[in-house]
Amino acid sequence: MPIITCADGCATHSLITSLFIEDGKEHVSVPEFRDTVAQLWNVVMNAIHADLLRATPTRAWGRNVLSVIVFPSGAPLIEGCRRQFPEIQFMFIVKERLIPDHETPPQIFDLGHAASGIQLAVVCDPVIATGKTMCETIDVLEKDHGIPSENIAIATLFCAKEAARRFCEKHRLYLVTSDGHVERNMLVPGPGHFSKRWCGML
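One numbering rule holds for all chains: residues counted from 1, following each sequence as written. Predicted model: local features are reported for residues with pLDDT of at least 70 only, side-chain atom pairs are reported and counted for 80 or more only, and whole-chain, interface and lining totals are derived from all residues. Note that water and hydrogens are dropped before the side-chain values are worked out from all heavy atoms of the structure.

Thoughts on the pattern of salt bridges
Defined as follows: Criterion for a salt bridge: a side-chain nitrogen of Lys or Arg within 4 Å of a carboxyl oxygen of Asp or Glu. In this description a helix means any DSSP run of H or I spanning at least four residues, a strand means any run of E spanning at least two, and both kinds are numbered starting from the N terminus. Only protein chains enter the accessibility calculation, which uses a 1.4 Å probe; a residue is then buried when its area is under 20% of its type maximum, exposed when over 50%, and partly exposed in between.
Tallied over the full model, the rule gives 3 salt bridges. Here glutamate 26 ties to arginine 197 by a salt bridge, and the two come within 3.3 Å at their closest N and O atoms. Of this pair, glutamate 26 sits in the loop between helix H1 (10-19) and helix H2 (30-55) while arginine 197 sits in helix H6 (residues 194-199); the two residues are 171 residues apart in sequence, bridging distant segments of the chain. Taking the shortest distance from any N to any O, the salt bridge between aspartate 139 and lysine 143 comes out at 3.3 Å. Of this pair, aspartate 139 and lysine 143 both sit in helix H4 (residues 132-145), 4 residues apart, roughly one helical turn. Take aspartate 139: its relative accessible area is 31%, and that puts it in the partly exposed class. Overall, lysine 143 belongs to the exposed group, its relative accessible area being 64%.

Here is the structure:
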């Protein structure tokens, strides 16, 4: 399966690097962080949208495409995507992080019978380091909802090289950059603890 790099050019590179933490320092405020993430996320969603239209130019695929997101603080991103792409059905996968070892399995809300007949599931997570959360989420979609692995695509902003190589063996992978590597379960270079930065909790 292909790795689809959604963004190129100096302007995009500047946006990416503005989000990275260097020497323990953040370079943008919370509003700037959210705005930049939203810009990059729109680039990824536009690429997916164009890809789907090329793949199914005459089919009304919207009702049979499920997009899920795996972190609670990203709800505003999904709301923006709903407005931008009203023909795509957006739902949520939320991974609860209530215990220190993060072993709580993904919980799927609002799916019900909607997962039946899904032609493509786009699993969204802004940062993929080890890929553990993404693997758990895909496992739930495959085993509990019967969605074949080849029908599951992955959308992310930042992905570790190792995870990108592993996921593209079975899935279409849409990303902005896969230049980072994993150190102590974090992506380096990367945006640090994404959810806490998004919520202004650092």
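There is more to say, and it comes next.
Observations concerning the packing of aromatic side chains
The following threshold applies: Only rings of Phe, Tyr and Trp enter the pairing, Trp through its six-membered ring, and a pair is recorded when the two centres are within 6.5 Å. The plane angle decides the type: under 30 degrees is stacked, over 60 is edge-to-face, the rest tilted. Whether a charge lies above a ring is judged from NZ of Lys or CZ of Arg, which has to be within 6 Å of the ring centre and within 35 degrees of the ring normal.
Applying the stated criterion across every chain yields a total of 3 aromatic pairs. Consider the rings of phenylalanine 194 and tryptophan 198, whose centres lie 6.0 Å apart with planes at 20°: the pair is stacked. Taken together, the residues phenylalanine 194 and tryptophan 198, both in helix H6 and 4 residues apart, mark about one turn of the helix. Here a set of aromatic residues connected by ring pairs shows up, and it is made of Phe33, Phe194 and Trp198. When the ring centre of phenylalanine 167 is taken as origin, the NZ or CZ atom of arginine 166, which lies over that ring, is 5.2 Å away.

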